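Here is how the chains run, residue by residue.
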Protein chains: 2
Amino acid sequence: MSAKVLDREEPNYFGAGPAILPTSVLQEAAYDLISYQGENVGIGEISHRSKPAIKVIDDTKAHLKELLNIPDTHEVFFLQGGGTSGFSSIAYNLIANYAAKTGKKGKGAYAVTGSWSKKSAEEAVRLGFDVDVVVDTKASSKFTAIPPYSEWKPIDAENTSFLYVCDNETVNGTEFQDIPSADYIPEGVELVADMSSNILSKKIDVAKYGLIMAGAQKNVGLAGITIYIIKKSLIEHADDAKLKELGIPLAPIAFHYPTVIANNSAYNTIPIFTTHILKLVLAKLIASGGIEAIQKINEEKASLLYTALDQYPEVYTVPVDPKVRSKMNVVFTLKDDSKDGVFISDAAERKLTGLKGHRSVGGMRASIYNAVSLDSVKLLVEFIHEFAKGE
Amino acid sequence: MSAKVLDREEPNYFGAGPAILPTSVLQEAAYDLISYQGENVGIGEISHRSKPAIKVIDDTKAHLKELLNIPDTHEVFFLQGGGTSGFSSIAYNLIANYAAKTGKKGKGAYAVTGSWSKKSAEEAVRLGFDVDVVVDTKASSKFTAIPPYSEWKPIDAENTSFLYVCDNETVNGTEFQDIPSADYIPEGVELVADMSSNILSKKIDVAKYGLIMAGAQKNVGLAGITIYIIKKSLIEHADDAKLKELGIPLAPIAFHYPTVIANNSAYNTIPIFTTHILKLVLAKLIASGGIEAIQKINEEKASLLYTALDQYPEVYTVPVDPKVRSKMNVVFTLKDDSKDGVFISDAAERKLTGLKGHRSVGGMRASIYNAVSLDSVKLLVEFIHEFAKGE
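All values reported here derive from a predicted model rather than from experimental measurement.

Asker: Give a detailed account of the packing of aromatic side chains, specifying residues and quantitative values.
Answerer: Residue and element names in this part refer to chain B. With the rule as written, the count across this model stands at 42 aromatic pairs over all chains. Geometrically, the ring pair formed by Tyr110 and Phe162 is edge-to-face, given 5.6 Å between the ring centres and 75° between the ring planes. Pair noted here: Tyr110 is in strand E3 (residues 107-112) and Phe162 is in strand E5 (residues 160-166), with a separation of 52 residues, a long-range link. For Tyr110, a relative accessible area of 1% puts it in the buried group.

Structural data, given as C-alpha cells:
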C-alpha cells in the first residue's frame, strides 16, 4: 500500500452519472473516511445523531441555502434512493398535502419530455395517483423538442396539486430554458422540478418552486443521497385516516417528508459519509465563486461543444432542437453510425472516456457536469474537429 | 495535505451504529475513491451499469453467499434506506407475494421484542397491512426478556404470510438464541428476520428463513446500503390490479423486490462506493477465517464483558435476561446513575468511547460488532474492573 499515491491525472470523463467529482474533494474525503477532525474514527463510522454528524447535515443545508439563495419560505432535507425514490415520494407527499389543504384527492400534472419525466408520471399512475399528462413530446419529436407552454394542455386549476417537470433530461439531452409563467400555471398549483442532472449548474429562483428534487450523483456528489428543497407550506399532510378515506396511499415512513424534516433528515440513518462529500463539493463551489461562476463556465463548455458539432452537419447530427439543448448532456450521433465504435475508441486513445450514448438513443453523449473541466471540453472539441476532418 | 497520513491509531469505539470498520478496508477504499484499478476515476464516479460497477455488485453477492453458505433457493439483493425502509418494503412485498400464492390479503405476525421490531410492526399497521402481534415484551419485561415460543400467541396458519422477528435488538440488548421450531411456526408461514445489528456475526441457517434484511452500517459497512436475502419463491407479486382489488398498497418502485432483483440491484443508481466498502469488509472477513472465526471472537468478547459486569452486582446492573443477552450490544446501567457521567468521562480518558446508552434506556451500552477488536474489549473490561473497585 505504501507505493500508492492519493492522487490522479485529471480525468476527461464524460459519463452521464454517477459522474466525476473534484479530485481535491475526494482527497479530503479519503482522509476523513479514516480519521475525521483528528479523531481516530472516520466520518462514516459515527452516530448520525452525534454532534459531528449533525454538523455535516447542517453545513450541507447551509451551503445549499447560500449557493441557491434559498428563501426562508423553503426547507432543505435529504433522502436516500435517488430520483427513482423521488418519483414515488413526490406523489405521496404532495397529494397528501393537497388533501390537507383542500380535503380532496387532487392530481398531478406531468410534463413528459424525456425518459425520466415519463418514468415519474408512470410511477405516480402505478401507485394509484391521478395524473394529467399535459405534454408528451415522445410522439411529436421523440423527446427532442419541447413546445411552448401555450401549446400544452391547460392545467385543471380546480383539482391539480402540482405541475411536474424534469428540468434536464439526461438521456435525451433537453433542458428547460425557462419556467412556466403565470399565464400557464394557475395560482395554487405548485411547480415541482426534478433537477437531478442540473442542480447547481445554473442560477434558479427557488421561490418559484414548490419542490425541487435532485439526486446528488451527477453534479454534486456520490450516489446515495438526494437533495430536496420544499416550500414550507407543502410539508403538512392530511391525517392518515383522511388519506385512507380519500384513497390516497400513505408514504412509507422513510419517504414521509414531515417525519424526515422533523428529524433534520436523520429519522433513519442518513449516509453520513456520502453527505459529507456533498458538503465538500458545495464548499468548493462556494469557494470557486458560487453559481454565477460555474454557470458561466458551464455555458462556455456547452457552447464550445455545440458550435463544434454544428460545424460538420455532414458528420454529426445533434437531434435536439437548439431552443432546448441541454447544457449538461450534449447528445449527438454520427451520420454514419457504423463509425460509432471508431469514434469511441479514437476518443479513448486521447483519454476522452464515458462518451457512449444511452442505449435508448444510441450515438454519443458528452455529459459536462460541474466537475468536468473546461480543459476536458476543449480536448473533446479538438477531437471532434479532428474526427470530422478525417472523415 | 502532504502532512496528512492515511492511517490512525486503532479506535476503541463502542458506538451502536454507524460503527467502526477495519482500518485496512477504509485505507483501500480511500485510494479507490480517487482511482479505481489504475484508472483515473474513482469507484464512486462511474456508471452503476458499467462493468467495474457490476463486478462490485456481483462480488459482494458472491462473498455473502460464501460467508453465509446461502443456498440456491435464495437470492441476494441490495436496497437503499436501511432498516427503516426495510420495515415498509417487507410488508409491501411479502403481502403482495402472499396474494399471488393464495389470492388473499394475508397478514404479518410480528414479535415485538424491542424498539426496532416495535417500529416495524407499527409501520406495517400504518401502511394499512394486517398485523398480529404474537408477543410483546414491553409490558412484561420492558424488552429485557423473551418468553419461550410456547408462550407466544399461536400463529393463524390460514391467513399469515410471515413471522417477523428482529434477531438482535440494538437498543435493548436482547438477541434471539434460536429460531422458532416447527412446533411454533406453521408450514407455509415464512420466517423474516431483521439482522441489521448482527448480520455476519454468527453462523445462521439461511434455508430456514424466507427473508433476511440487514442495514450494513453496524457490522459490515457504511450507512446507505441494505442487504436482503430472499427465498426465490417469495419474489413474485400478484399483479397490480389484484393487489388494488384486495386493498394491498403497492410498493414504491425502488422498494419493489421483483424489479430490483430483475435489475441486479441497479434498477436505480446503487451507491456503488458504499457497496464497494461492503465488498471489501466481506472479503476481509473471508480472508480472516469466515463466520466460524468471527463468531468465536464475538462470543469471547461478549463473555468477557458480561462476566466482568456480573462480578459487581453492587455497581453494575445488566437488565437483560441472561438467556437472551445480545452478543453485539451489551447494555448495562450503574446502580448509582449519578455516576454515569463519571463513568463515561473516565472511560474517555482511556480512549474508550461511544459507550453512552440509548436515550430510551439510559446507562451504558457497549456495542461490540465484528470490527471491535478483542483488544478493545479487554481494555474496556479492565476499566470495568477499575471503576468498580474505585466505588
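Asker: So what's going on with empty space enclosed by the protein? Residues and values would help.
Answerer: By the definition in use, this model includes five cavities of 30 Å³ or more. Considering only enclosed or pocket space, the largest cavity measures out at about 240 Å³ in volume. The wall of the largest cavity is formed by 28 residues, among which Gln80, Gly81 and Ser85 of chain A together with Gln80 and Gly81 of chain B lie closest to the centre. Elements supplying a minimum of two residues to the lining of the largest cavity: strand E2 (74-79) of chain A together with strand E2 (74-79) of chain B. Of the residues that constitute the lining of the largest cavity, the class distribution is 16 nonpolar, 12 polar and no charged. Empty space within the second largest cavity amounts to approximately 40 Å³. If you trace the second largest cavity, you find it lined by Tyr92, Ala96, His237, Asp240, Leu243, Pro249, Leu250, Ala251 and His256 of chain A together with Arg126 of chain B. Broken down by secondary-structure element, the contributors of at least two residues to the lining of the second largest cavity are helix H3 (82-102) and helix H6 (240-245) of chain A. A class-by-class count of the residues in the lining of the second largest cavity yields six nonpolar, two polar and two charged.

Asker: I'd like to hear about the sheet that holds strand E8 (residues 190-194) of chain B, residue by residue, with values.
Answerer: Hydrogen bonds along the backbone pair up the strands of a sheet, which may run parallel or antiparallel. All names here are of chain B. An order of E2-E10-E9-E8-E5-E3-E4 is seen for the seven strands of this open sheet, with the pairing classed as mixed. Only two strands of the sheet have a single partner each, and these edge strands are E2 and strand E4 (130-136). Each adjacent strand pair in this sheet contributes to an overall mean axis angle of 20°, direction not counted. Summarising the sheet, E5 and E8 pair through five bridges and their orientation is parallel. Counted as the bridge partner of Tyr164 is Val192 from E8.

Asker: So what's going on with the pairing of strand E5 (residues 160-166) of chain A? Which residues, and what values?
Answerer: Residues and elements named next belong to chain A. Of all seven residues that make up E5, seven are buried, and the element is covered over most of its length. Of the pairings in the sheet, the one linking strand E3 (residues 107-112) to E5 comprises four bridges and is parallel in character. Counterpart to Tyr110 in the pairing with E5 is Tyr164.

Asker: An account of the pairing of strand E4 (residues 130-136) of chain A is needed here, citing residue identities and associated values.
Answerer: Residues and elements named next belong to chain A. With six bridges connecting them, E3 and E4 associate as parallel partners. Considered in E4, the bridge of Tyr110 is made with Val133. Following the backbone out of E3, through helix H4 (residues 115-127) and into the adjacent parallel E4, one traces a crossover that is right-handed.

Asker: Account for the environment of Ala145 of chain B, with residues named and values stated.
Answerer: Residue and element names in this part refer to chain B. With respect to the helices and strands, the residue Ala145 is situated in the loop between helix H5 (137-141) and E5. Distance in space between the C-alpha atoms of Ala145 and Arg325 is 8.6 Å, their sequence separation being 180 residues. The contact partners of Ala145, leaving out residues within four places of it in the chain, are Thr137, Asp321 and Val324.

Thresholds, definitions, all that
Residues numbered from 1 in each chain as written. Chains lettered and ligands numbered in written order. Predicted model: local features only at pLDDT ≥ 70, side-chain atom pairs only at ≥ 80, totals over all residues. Heavy atoms only, no water. Phe/Tyr/Trp six-rings, centres within 6.5 Å; stacked < 30°, edge-to-face > 60°. Helix = DSSP H or I, 4+ residues; strand = E, 2+ residues; numbered from the N terminus. Buried < 20%, exposed > 50% of the residue type's maximum accessible area, 1.4 Å probe, protein only. 1 Å grid on protein atoms, 1.4 Å probe; cavity = no way out; pocket = protein on both sides within 12 Å on 5 of 7 lines; lining within 4 Å. Points joined across faces, edges and corners; volume = space filled by probe spheres on them. Nonpolar A, V, L, I, M, F, W, Y, C, P; charged D, E, K, R; others polar. Pairing = 2+ DSSP bridges. Axes fitted to C-alpha atoms, helices over the stretch in contact; angles between N-to-C directions. Right-handed = clockwise from strand over helix to strand, strands pointing away. Contact = heavy atoms within 4.5 Å.

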